[in-house]
Amino acid sequence: MSRDTALVTADWVEEHLSDAGVVLVEVDEDTTAYDKGHIAGAIKLDWKNDLQDPVRRDFVNKAQFEALLSERGVSNDDTVVLYGGNNNWFAAYAYWYFKLYGHTDVKLLDGGRKKWELDSRELVEEIPTRATTSYTASEQDTSIRAFRDEVVEAIGVQNLIDVRSPDEFAGRLLAPAHLPQEQAQRGGHIPTAGNVPWSKAANDDGTFRSNEELEALYAEAGLDRSKDTIAYCRIGERSSHTWFVLAELLEVSNVKNYDGSWTEYGSLIGVPVALGDEPGEA
Amino acid sequence: MCGATRGGPSLDGVDLEKETVIQGIVTKEGEPVGNAYVRLLDATGEFTAEVPTSATGQFRFFAAPGDWTLRTLAPRAATVDRVVSAQRGSAVDVEVALAAV
């Protein structure tokens, strides 16, 4: 993957939204956004109800993912173009998710819903009907998903990137102010993690910064390309945004997203936690 | 909206002793703008939060005491920055008037 294949512009989407084999998918935190207007032909995925298991804290499994995409009318050979609100946080989460289950052709609309709205491009209320398919997912590609034990082992060894805001990193806040739920037991960050807030990778209009700017951003943060990398945030959606930047736009190898993130790590017994603005010692 | 108070959303139910509220309304040519995005930047200019305005053009942040910048983006309007000083106890309530471009 590279910037050319992973990212498409709003102009590209307008040109191709009616193409057979192109499926637009809106993924939002505020799942009512789609109902108030969406890009013509786009279907909706609910990041929580559709993509997460209703009982266990985990993703839907392979069979559930296959059933979901079959029912929504997505085929294995479709080009899936994802977009959403919150500067594409949840669209990036879904992108990572499609990659996790082996979908070949996935793209993100640069700037997401915000850029589309700021450009005054057309939104419609009509909900498309798509014939059901028989979707086959691959086994989860765990080369892009980090679990808690490997995160603990990565302290002082791998690049750990905490993409939350500086106040969450330091332990002064447990969550963004508008999301008081799902709090961890303790505040702080994983020792030796660098803090590169996701927002530094995006422009005001939600589009990604240029590769040159992004290279400089992570170089300044001390990202060592000779090491493997794990990104995390609070619940794994903002870190999907950074995972996309590193793995897909900058083509850094061996980048994983830790979807358990701080809500898991900050509740574990016995693991080290660092407080304050500095990465801390291993 | 006949009789609506000019400014941010109603503060009913918000504990101003505990919360530091920055809120307001985005307008263009006197009319509320329901499809604007308001970004909250901290005193160093760093992004802190962003909300879309409501159908009535209103927005609200729960922040901390100090100086903040509200950066407002909307279709067919120039981006506007407004510096505000927030404190606990009384909400900052601003009208962000956009100029058409």
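Calculation criteria
- Residues numbered from 1 in each chain as written.
- Chains lettered and ligands numbered in written order.
- Predicted model: local features only at pLDDT ≥ 70, side-chain atom pairs only at ≥ 80, totals over all residues.
- Heavy atoms only, no water.
- Core = buried A, V, L, I, M, F, W, Y, C linked by side-chain atoms within 4.5 Å.
- Buried < 20%, exposed > 50% of the residue type's maximum accessible area, 1.4 Å probe, protein only.
- Helix = DSSP H or I, 4+ residues; strand = E, 2+ residues; numbered from the N terminus.
- Domains from an automatic or database assignment.
- Contact = heavy atoms within 4.5 Å.
- Pairing = 2+ DSSP bridges.
- Buried area = accessible area lost by both parts, 1.4 Å probe.
- Axes fitted to C-alpha atoms, helices over the stretch in contact; angles between N-to-C directions.
- Parallel < 35°, antiparallel > 145°, perpendicular 65-115°, else oblique.
- Left-handed = near helix turned anticlockwise from the far one by under 90°.
- Salt bridge = Lys/Arg side-chain N within 4 Å of Asp/Glu carboxyl O.
- Polar contact = N/O pair within 3.5 Å; in protein donor to acceptor, adjacent residues only side chain to side chain.
- Nonpolar A, V, L, I, M, F, W, Y, C, P; charged D, E, K, R; others polar.

Undergrad: Pulling in residues and values, what's your account of the nonpolar core?
TA: By size, the foremost hydrophobic cluster in this structure holds 58 residues, and its most contacted members are F65, L82, L108, Y218 and F244 of chain A. The set of elements that each furnish at least two residues to this core consists of strand 2 (22-28), strand 3 (43-46), helix 3 (62-72), strand 4 (79-83), helix 4 (89-100), strand 5 (106-109), helix 8 (211-220) and helix 9 (238-249) of chain A. At eleven residues, the largest contribution of residues to this core is made by helix 4 of chain A. Counting the residues that make up this core, at least three belong to each of domain 1 (3-140) and domain 2 (143-265) of chain A. Excluding residues that lie within four positions of it along the chain, F244 of chain A makes contacts with A6, L7, Y95, L108, F208 and L249 of chain A. Within the second largest apolar cluster, 21 residues are counted, among which are L70, A74, A77 and V84 of chain B.

Undergrad: Could you give an account of the sheet that holds strand 9 (residues 255-257) of chain A, naming the residues involved and the relevant values?
TA: Residue and element names in this part refer to chain A. With parallel pairing, four strands are arranged side by side in an open sheet as 7-6-8-9. At either end of the open sheet lies a strand with only one pairing partner, and these are strand 7 (194-195) and strand 9. Pairing of strand 8 (residues 229-232) with strand 9, which is carried by three bridges, proceeds in the parallel orientation. Bridge pairing in strand 9 places A231 opposite N257.

Undergrad: Describe in detail the domain arrangement of chain A, supporting the description with residues and values.
TA: All names here are of chain A. Here chain A is described as being made up of domain 1 (3-140) and domain 2 (143-265). Relative placement of domain 1 and domain 2: their C-alpha centres are 23 Å apart. Each partner contributes to the interface: domain 1 provides 25 residues, whereas domain 2 provides 30 residues. Overall, the association of domain 1 and domain 2 removes approximately 2,400 Å² of surface from exposure, summing both partners, and the carbon and sulfur fraction of that is 61%.

Undergrad: Go over the packing of helix 8 of chain A against helix 9 of chain A, please, and point to the residues and values.
TA: Residue and element names in this part refer to chain A. Two numbers describe how helix 8 lies on helix 9: the axes approach to 11 Å, and their chain directions differ by 110°. Here helix 8 is positioned roughly perpendicular relative to helix 9, judged by the angle of their axes. The way helix 8 lies across helix 9 gives a crossing that is left-handed. Counted together, N211, L214 and Y218 of helix 8 and T242, V245, L246 and L249 of helix 9 form the full contact between these two elements.

Undergrad: Quick rundown of the sheet that holds strand 4 of chain A? Include the residues and the values.
TA: Residues and elements named next belong to chain A. Spatial ordering of the open sheet is given by 1-5-4-2-3, a layout of five strands whose pairing is parallel. Bordering the open sheet on either side are strand 1 (7-8) and strand 3, each of which pairs with just one other strand. The pairing of strand 2 with strand 3 spans four bridges and is classified as parallel. Its bridge partner lying in strand 3, E26 is registered against K44.

Undergrad: Account for the interface of chain A and chain B, naming residues and giving values.
TA: At the interface, 13 residues of chain A touch twelve residues of chain B. Surface buried jointly by chain A and chain B totals about 1,200 Å² across both partners, of which 52% is contributed by carbon and sulfur atoms. For the salt bridge of K200 of chain A with E46 of chain B, the shortest nitrogen-to-oxygen distance reads 2.8 Å. Linking chain A with chain B are seven residue pairs in polar contact (both at pLDDT 80 or more), by the criterion used here. Of the residues that constitute the side of chain A that touches chain B, the class distribution is three nonpolar, four polar and six charged.

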